Amino acid sequence: AVAAAAAASVTENGDRASGDANTSTTSAADRPKTGSSDEKLDNMLLDAANKAAKDLLLGPPATRPKFRPCEEPLGEAAEEGEENGDGEDGDGGSNANGNANANDGNGNGNGDGGQACLAEEEEDDEETEDDRPFRLADSRLYPERCLATSQIITPNSLVVIFESFDSLSFAYATPGQAFSNRNGHFAHDDFIGKPYGCKIRSRSSGGLGYVYLLRPTPELWTRSLPHRTQIIHELDAAVIVCQLNLRPNCLVCESGTGSGSMSHSILRTVAPRGKLHTYEFNKTRVLEARDDFRKNGVGHLVDVHWRDVCGKVDAIGVGAESGAKAAAITNGTATDPENQTRIEKGGFGLGPAKAHAIFLDLPEPWLAVPHAAHTIVPGGRLGSYSPCIEQSQRLITSIKEHGFHSVRTIEVRLKEHHVDEIELEPPPFGRLPRDPPSQAPVPAAAAAAK
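Quick notes on the rules
Residues numbered from 1 in each chain as written. Predicted model: local features only at pLDDT ≥ 70, side-chain atom pairs only at ≥ 80, totals over all residues. Heavy atoms only, no water. Helix = DSSP H or I, 4+ residues; strand = E, 2+ residues; numbered from the N terminus. Buried < 20%, exposed > 50% of the residue type's maximum accessible area, 1.4 Å probe, protein only. Contact = heavy atoms within 4.5 Å. Areas by Shrake-Rupley, 256 points an atom, 1.4 Å probe, with all protein chains shown as cover. Pairing = 2+ DSSP bridges. Axes fitted to C-alpha atoms, helices over the stretch in contact; angles between N-to-C directions. Parallel < 35°, antiparallel > 145°, perpendicular 65-115°, else oblique. Left-handed = near helix turned anticlockwise from the far one by under 90°. Nonpolar A, V, L, I, M, F, W, Y, C, P; charged D, E, K, R; others polar.

Undergrad: Tell me about the overall build of the chain, and please be specific about residues and values.
TA: Regarding its fold elements, the chain presents 14 helices and 14 strands. In the chain, which comprises 450 residues, the share counted as buried stands at 38%. Sequence-distant contacts in the chain: of pairs separated by 6 or more residues, those separated by 24 or more amount to 63%. Carbon together with sulfur atoms contributes 52% to the accessible area of the chain, which is approximately 27000 Å² in total.

Undergrad: Talk me through the sheet that holds strand β3 (residues 158-164); I want residue IDs and the actual numbers.
TA: Taken together, four strands build an open sheet; the order of strands is β4-β3-β8-β7 and the sheet is antiparallel. Sheet topology places β4 (167-172) and β7 (199-201) at the edges, where each strand pairs with a single neighbour. Taken over all neighbouring pairs, the strand axes of this sheet differ in orientation by 35 degrees on average, direction set aside. Pairing analysis gives three bridges linking β7 to strand β8 (residues 210-214), with the strands arranged antiparallel. Bridge pairing in β8 places R201 opposite Y210.

Undergrad: Quick one: what's the story with the environment of S265, residue by residue and with numbers?
TA: Secondary-structure assignment places S265 in helix α9 (residues 261-270). With 27 residues separating them along the chain, S265 and A238 place their C-alpha atoms 7.9 Å apart. In this structure S265 touches P218, A237 and V241, once residues within four positions along its chain are discounted.

Undergrad: I'd like to hear about the packing of helix α8 (residues 234-243) against α9, residue by residue, with values.
TA: Here α8 crosses α9 at 45 degrees, and the two axes come no closer than 10 Å. It follows that α8 is oblique to α9 by the angle criterion. For α8 against α9, the interelement crossing comes out right-handed. Side by side, α8 and α9 meet where A237, I240 and V241 of the first sit next to M262, S265 and T269 of the second. In the contact of α8 with α9, the residues fall into four nonpolar, two polar and no charged.

Written out as structure tokens, the structure is:
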């Protein structure tokens, strides 16, 4: 996973910084194409992930990759490229040539830094891939493309609190606040500055009580979140993500936001540049879900829509609206979801062939199938989560009527094994004594003859 993240960071940042430097020195025809850069990103990410999995399963290779940090951040190199490319001839032409050479490399570097890295790779052609230096990029220059990776608890950070084996809670580390449970009182000031995974003792009861502060994951958040509706638990969420063939940087639609449990599992999969559009007909749950996503640091990856995808709920106004504005919001053309005063009705509102995957968690999912067929891309996958087999039967009938194929129905059951230590009597290892053979009884007539 570390190798995959590093490869993705280098390619993304290299492409972005190189594009900035070429703005003032190259023509439109010479600029790198967006499609080719995305393809390189996917190839680099897949190669790095496969290599990391191979090292994990088969053991470390004979030689480790040699990592070296960038001598200067790519953003500064891009600024220098812009400063050097003032004229179209003379100095400007030489700088443009330098950028072109840098862009030819796999690292997609810019300026002199990218060219130097490319030269080193050409000199080491005879060496193995593991011996080549790997140029690291400063991902801090592009915070909008990645999730938070801090290992230290900072103010307002989400912390999952491990109280016992079957009891988890959460808190946002706020200075001056405190968390209380049966183990004692724990001040948030003691959380801030500590690493995730540490053990904190209470300020009461003589410090006998303690909790563990865990870094939030979708699984831990599912076990500790406030339940607004019934949620999808970890096992089912894992199967759904796998069967929908979700991957980084894809666009996903989810109908039935609820408590946001499934949404967090999807967001982790589509990061760092993917997008989730989640739909909920209850306005209270919409507002609470937006607040949760913002506090948890994933608000830039998700849009929460107040919309009835099935088209059953009539548009109910919450405030006085002019006729034109109310009609625009009702038809799904409003651009400001924060100030929305009427529920949008019917469909996903994204246009045709936009979503790579669609997931339905609805009581009547068959009503949303026509809209899903309009929104999903060719070859995309549609999934639904239903507690009753009758719902699955009606859904499958509607799915087949709207051109879907390869339908599968899966039921997943969780069986836990609890391991306890018990004592057994040692088996007898010695040789047991054998009883002497019994003598046959002598008949009475034979005894008299003797």
